[in-house]
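One-letter residues, chain by chain:
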Amino acid sequence: MRFLMMVKAPENSGPPPKELMDAMGKLAEESFKSGEMIETGGLGPTVSGSRVRLTGGKITVTDGPFTEAKEVFGGYAVFELKSKEEAVERTRRFMELHHKHWPGWEGETEIRPMFSMQHLPAAAK
């Protein structure tokens, strides 16, 4: 089953320490080699993004930065794993690296199962 892990933290946390980046690189390399990690990446700041919203039958576009956002998604990873428990354990290891190499950093990683068109009921296709 595929899982999307999204890292959320205050946008102005500053750049991660080199030690953390090195440790995450090693963890990512191991995960890619084992075939568990499919994709990973970081996201640019909200100042370079836009939101497209449909509400009340009207589509609006808002360019960043988004003042109401206290925390933003800063990165993501896609894993192919056997269970949600396995996804939680992989995420725990990732967050332990932050705790060890970036004292004082606070954030969270949201884990969500991913579904493809094949998972939709026939009527929705």
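Structure shown above.
Conventions adopted
- Residues numbered from 1 in each chain as written.
- Predicted model: local features only at pLDDT ≥ 70, side-chain atom pairs only at ≥ 80, totals over all residues.
- Heavy atoms only, no water.
- Helix = DSSP H or I, 4+ residues; strand = E, 2+ residues; numbered from the N terminus.
- Buried < 20%, exposed > 50% of the residue type's maximum accessible area, 1.4 Å probe, protein only.
- Contact = heavy atoms within 4.5 Å.
- Areas by Shrake-Rupley, 256 points an atom, 1.4 Å probe, with all protein chains shown as cover.
- Patch = residues over 30% accessible without salt bridge, like charges linked within 9 Å, V, L, I, M, F, W, Y side chains within 5 Å.
- Salt bridge = Lys/Arg side-chain N within 4 Å of Asp/Glu carboxyl O.
- Pairing = 2+ DSSP bridges.
- Expected span 1.5 Å × (residues − 1).
- Arc of directions from axis to C-beta.
- Core = buried A, V, L, I, M, F, W, Y, C linked by side-chain atoms within 4.5 Å.

1. Thoughts on the overall build of the protein chain
In step 1: Within the protein chain, the regular secondary structure consists of two helices and six strands.
In step 2: Going from the N terminus to the C terminus, the protein chain shows its helices and strands as β-α-β-β-β-β-α-β.
In step 3: Across its three principal directions, the C-alpha atoms of the protein chain cover 45 × 40 × 20 Å.
In step 4: Here the protein chain, with 125 residues, has 26% of them falling under the buried criterion.
In step 5: Contacts spanning at least 24 positions in sequence make up 74% of the contacts within the protein chain whose residues lie at least 6 apart.
In step 6: Of the roughly 8,900 Å² that the protein chain leaves accessible, carbon and sulfur atoms contribute 56%.

2. Digging into a nonpolar patch on the surface
In step 1: A surface patch of nonpolar side chains, about 460 Å² in accessible area, is lined by Val-52, Leu-54, Ile-59 and Val-61.
In step 2: Breaking the nonpolar patch down by element, the ones donating at least two residues are strand 3 (50–55) and strand 4 (58–63).

3. Observations regarding the pairing of strand 3
In step 1: Here strand 3 pairs with strand 4 via six bridges, running antiparallel. Within strand 4, the residue paired with Arg-51 across the bridge is Thr-62.
In step 2: Between strand 3 and strand 4, which pair antiparallel in sequence order, lie two residues; one of them, Gly-56, sits at a positive phi of approximately 60°.

4. Focus: the pattern of salt bridges
Note that side chains of opposite charge can pair when their charged atoms are close.
In step 1: Applying the stated criterion to the full structure yields nine salt bridges.
In step 2: A salt bridge links Arg-90 to Glu-86; the shortest N-O distance between them is 3.4 Å. With Arg-90 and Glu-86 both in helix 2 (residues 84–101), this residue pair falls four residues apart, about one helical turn.
In step 3: Given the relative accessible area of 19%, Glu-86 is considered buried.
In step 4: Where Glu-110 meets Arg-112, a salt bridge forms, and the shortest distance between an N and an O atom there is 2.9 Å.
In step 5: What makes Arg-112 partly exposed here is its relative accessible area of 45%.
In step 6: Salt bridges sharing partners connect three or more residues here, namely Glu-36, Glu-86 and Arg-90.

5. Digging into helix 1 (residues 18–34)
In step 1: The end-to-end C-alpha distance of helix 1 is 24 Å, a good match for the 24 Å that 17 residues give at a rise of 1.5 Å each.
In step 2: When helix 1 is considered as a whole, its buried residues turn out to be Leu-20, Ala-23, Met-24, Leu-27, Ala-28 and Ser-31. In an axial view of helix 1, the angular spread of the buried residues amounts to 135°, which keeps them on one side of the axis. Seen from the buried face of helix 1, the exposed residues on the opposite side, beyond 90 degrees, are Lys-18, Lys-26 and Lys-33.
In step 3: The positive-phi residue at the C-terminal boundary of helix 1 is Gly-35, with phi of around 85°.

6. Description of the nonpolar core
In step 1: Among the nonpolar cores identified, the biggest contains ten residues, and these are Val-7, Ala-9, Leu-20, Ala-23, Met-24, Leu-27, Phe-94, Leu-97, Trp-102 and Trp-105.
In step 2: Here this core gets four residues from one element, more than from any other, and that element is helix 1.
In step 3: Residues contacting Leu-97, with those up to four places away along its chain left out, are Leu-20, Ala-23, Met-24, Leu-27 and Trp-102.
In step 4: Counting eight residues, the second largest nonpolar core, distinct from the first, contains Phe-3, Met-5, Phe-79 and Ala-87.

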